[in-house]
Amino acid sequence: MKSIIELLGEERASLLDHQCQTIEKSRLTLPGPDFVSRVCTNSDRKARVLRSLETLFAYGRLSQTGYLTILPMDQGFEHSADHQQKCAVTKNKNPRSC
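Here is a short report on the structure shown in this document. (Residues numbered from 1 in each chain as written. Predicted model: local features only at pLDDT ≥ 70, side-chain atom pairs only at ≥ 80, totals over all residues. Heavy atoms only, no water.)

## Let's talk about the overall build of the protein chain
Then step 1. Within the protein chain, the secondary structure is distributed over five helices and zero strands.
Then step 2. Ordered by position in the sequence, the α and β elements of the protein chain form the string α-α-α-α-α.
Then step 3. In the protein chain, which comprises 98 residues, the proportion classed as buried is 9%.
Then step 4. When the accessible surface of the protein chain is summed, it comes to about 9300 Å², and 55% of that surface belongs to carbon and sulfur atoms. (Helix = DSSP H or I, 4+ residues; strand = E, 2+ residues; numbered from the N terminus. Buried < 20%, exposed > 50% of the residue type's maximum accessible area, 1.4 Å probe, protein only. Areas by Shrake-Rupley, 256 points an atom, 1.4 Å probe, with all protein chains shown as cover.)

Written as structure tokens, this is what we have:
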């Protein structure tokens, strides 16, 4: 198995040794367990919204890290009008088909 350095090839130096000169380190908002209280509290969001955000950030494998992953719901065929129409037609014959 090739190492990362071998995979990067000629671009290794520019990718691994890069130092950002355009954004100051103090301007970055880093993730952490107190992310919601540190970043969102000084906004106009209501307490209920902040509680909901904290609940989202405290759930799952990334809980209390300051990272949040929201995966999209499958909006495939079962949500389409065509499927709903077929369900209405076949429901009398087999109610479990939909």
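## Let's talk about the pattern of salt bridges
Then step 1. In total, this model carries one salt bridge according to the counting rule given.
Then step 2. A salt bridge links D34 to R38; the shortest N-O distance between them is 3.3 Å. (Salt bridge = Lys/Arg side-chain N within 4 Å of Asp/Glu carboxyl O.)

## Details of unusual backbone geometry
Then step 1. One non-glycine residue, Q64, lies in positive phi territory at about 60 degrees.
Then step 2. Relative to the helices and strands, Q64 is located in the loop between α4 (47–57) and α5 (81–90).

## What about the nonpolar core?
Then step 1. The biggest cluster of nonpolar side chains holds five residues, and these are F35, V36, C40, L50 and F57.
Then step 2. Going through the elements one at a time, α3 (35–40) and α4 are the ones with two or more residues in this core.
Then step 3. The element that contributes the greatest number of residues to this core is α3, accounting for three residues.
Then step 4. When near neighbours in sequence (up to four residues on either side) are disregarded, L50 contacts V36, C40, T41 and R45. (Core = buried A, V, L, I, M, F, W, Y, C linked by side-chain atoms within 4.5 Å. Contact = heavy atoms within 4.5 Å.)

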